[in-house]
Amino acid sequence: MNQRNNRRLVLFPVPFQGHINPMLQLAQILHNRGFSITILHTDLNAPDPSSHPHFAFRSIGDGLGQSEVSTSDLVRLMALINARCAAPFEERLREEASSPDTPITCLIVDALFGFTRDVAERAGVRRMVLRTGGATSLRVFARFRLLRERGYLPIEVSECRLEDPVAEFPPLQVKDLPGINTAEPKQLDQLLSDMIEGLRDSAGVILNTFEDLEQPALSLLRQEYPIAIFPIGPFHKCSSSSSGSLLAEDQSCISWLDKQAPNSVVYVSFGSIAAVSESEYSEIALGLADSQQPFLWVVRPGSVHGSEALEKLPSCFLAALEERGKIVTWAPQQEVLAHRAVGAFWTHNGWNSTLESISEGVPMICMPCFSDQKVNARFVSDVWRVGLHLNNGLERRKIAEAIRKLLVEKEREEVRERAAQLKEKADSCLRQGGSSFRSLDGLANHILASES
Ligand code: UDP
């Protein structure tokens, strides 16, 4: 182990919560394996160094201003970040690489940072890639152009075929294909093709998944890409890493959960970017009230288009909130999902949230919003069968029905049983000899092998 202490890894996360968390977790995992860690980061959503005192943090000074970084068009924003980061990243990487005492053993970048491919090559630094989503959705993104040529995309064009199967990706239906609202479809194509080329040319791909969860997709990826692939997830269970939250976690929800009955609470959170309209906000509130179950609801600042003022919500909801609910602006989600009181997770199926729920055996109510979330949700409901789709729009009656199905009615037992079995698989892949454990050994050796 100690021989690795002077082996330095430089990691560069995309500055969104769902990308920062897994990159910091990966950093912790590799640090535990004896590597020293430098995190390069943008000024935008810069991580808090005090939460990770054993890592070195270096800003690349991207010059991105808060006014430029609206998440309403994620494609445009990601393209802007790529464009702004290229020059300062190159400068910083060259500086870091020329440090005589601590050369860079390997650079690990987020797959969405396509520009790093040429920069790393010019700087003579070996580059690996972290893809923060699942293996299945990665394969779908890789075939985006083909799916368009075959008429599946854009989804608006195939409006009347939404329920048709996508023969290339069973059991996906047309409506499950990743849709990303953007005014810049060409930029989306560019981002995706840069991502795929960047993977192809990399020294290896690290995935936050595990064999028993996505075996078919992993095996196809290995056939399709002649590169080393390391599924070593679920990351957050491999090591106890400090929180990478950009918002303050409200710990009061844990003492609130302590007072609730086992498996009685529905935890509601739609991640760090998804937002709902005011009318959807109100319908969610009515559904929670109608469910008659205790609820913990994350209402992030900016997560409602319009106003998230509580006073705007119907009075029957406010009464339910007082009696058996709690709202926070940001939760310690992994702790919440691990709490014995939580019996269901109403989620947007971001990949981190999906894996975190699977890792704790918590059944899901799926409300995917965009991007890979729809792929993840289909797998939750139809392949792993550990959740229900909240189909066809938000409606209070359907919401209450879904919550009661998972928390109260008889059929909850089967779903819970399957979720417990999947949790056991997630646990066992991390134990000595398990698939992720072995893959992590392979990754550590692969990184070191570059030096010989
Ligand atoms: N998260 C959290 N507290 C919250 C909501 C979310 O800590 O109140 C974390 C969650 O645990 C996950 C990340 O934020 O690790 C969200 O990532 P995900 O991929 O699920 O969704 P995204 O935010 O990228 O849409």
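Conventions we followed
Residues numbered from 1 in each chain as written. Predicted model: local features only at pLDDT ≥ 70, side-chain atom pairs only at ≥ 80, totals over all residues. UniProt positions renumbered as here; feature names shortened; annotations may be inferred. Helix = DSSP H or I, 4+ residues; strand = E, 2+ residues; numbered from the N terminus. Rg over C-alpha atoms; globule rule 2.2 N^0.38 Å. Buried ≥ 20, exposed ≤ 12 C-beta atoms within 10 Å, placed from the backbone. Contact = placed C-beta atoms within 7 Å. Pairing = 2+ DSSP bridges. Axes fitted to C-alpha atoms, helices over the stretch in contact; angles between N-to-C directions. Expected span 1.5 Å × (residues − 1).

The name an unreviewed UniProt entry assigns to the protein chain is UDP-glycosyltransferase 76F1-like isoform X1, from the organism Rhodamnia argentea. The record in UniProt for the protein chain states the following under Sequence similarities (unreviewed entry): "Belongs to the UDP-glycosyltransferase family."

Scanning the protein chain for helices and strands turns up 17 helices and 15 strands. Rg of the C-alpha trace for the protein chain: 22 Å, near the compact-globule value of 22 Å for 452 residues, within the 12% margin. For the protein chain, the spread of C-alpha atoms along the three principal axes comes to 65 × 50 × 45 Å. Every one of the 452 residues in the protein chain was classed for burial, and the buried ones make up 48%. Residue pairs in contact within the protein chain that sit at least 24 positions apart in sequence constitute 71% of those at least 6 positions apart.

The residue T329 is located in the loop between strand 12 (325-328) and helix 12 (333-338) in this model. Look at T329 and you get partly exposed, because 14 C-beta atoms sit within 10 Å. Taking the C-alpha atoms as reference points, T329 and I365, separated by 36 residues in sequence, lie 20 Å from one another.

Let us now look at the pairing of strand 10 (residues 295-298). Where a strand is regular, its side chains alternate between the two sheet faces. Every second residue of strand 10 is oriented toward a common face, with F295 and W297 on one face and L296 and V298 on the other, all of them buried. Direction of pairing for strand 8 (residues 265-269) relative to strand 10: parallel, over a ladder of three bridges. Each residue of the ladder has a partner; that of V268, found in strand 10, is W297. As judged from the four bridges shared by strand 10 and strand 12, these two strands associate in the parallel manner. For F295, the partnering residue across the bridge sits in strand 12 and is G325.

Here we come to the sheet that holds strand 12. In space, the six strands of this open sheet follow the order 12-10-8-13-14-15, with parallel pairing throughout. Looking at which strands have only one partner, the edges of the open sheet turn out to be strand 12 and strand 15 (387-389). Looking at each pair of strands side by side, their axes are set apart by 15 degrees on average, direction ignored. Here helix 14 (residues 373-383) sits on the sheet in contact with strand 14 (364-366) and strand 15, set at roughly 120 degrees to strand 15.

Moving on, we come to the pairing of strand 5 (residues 127-131). Extensive coverage of strand 5 is indicated by the burial of five of its five residues. In strand 5, alternate side chains face the same way, and those of R127, V129 and R131 on one face and M128 and L130 on the other are all buried. Looking at chain direction, strand 4 (residues 104-110) and strand 5 are connected through four bridges and run parallel. Each bridged residue has a counterpart across the sheet, and for V109 the counterpart in strand 5 is V129.

Further remarks concern the sheet that holds strand 3 (residues 56-59). If you walk across this open sheet you meet the seven strands as 3-2-1-4-5-6-7, and the pairing is parallel. Of all the strands in the sheet, just strand 3 and strand 7 (229-231) have a single pairing partner and so form its edges. Pairs of neighbouring strands in the sheet enclose a mean axial angle of 25 degrees, with direction left out of account. Two strands pair when backbone bridges link them, and strand 6 (residues 205-207) and strand 7 are joined in this way by three bridges, in the parallel orientation. For L207, the partnering residue across the bridge sits in strand 7 and is P231.

So, about the environment of F141. Along the chain, F141 falls in helix 4 (residues 135-142). Note on F141: 22 C-beta atoms within 10 Å, which makes it buried. Residues F141 and D372, spaced 231 residues apart in sequence, show a C-alpha to C-alpha distance of 8.5 Å. Excluding residues that lie within four positions of it along the chain, F141 makes contacts with P178 and L192.

Moving on, we come to helix 6 (residues 185-200). Compared with the 22 Å implied by 1.5 Å per residue over 16 residues, the 23 Å span of helix 6 between its first and last C-alpha is a close match. Along helix 6, the residues that are buried comprise L191, L192, D194, M195, I196, G198 and L199.

Mapped onto the present numbering, the UniProt feature "coiled-coil region" (unreviewed entry) falls at residues 405-432. Helix makes up 79% of residues 405-432 and strand makes up 0%, while its end C-alpha atoms are separated by 37 Å.

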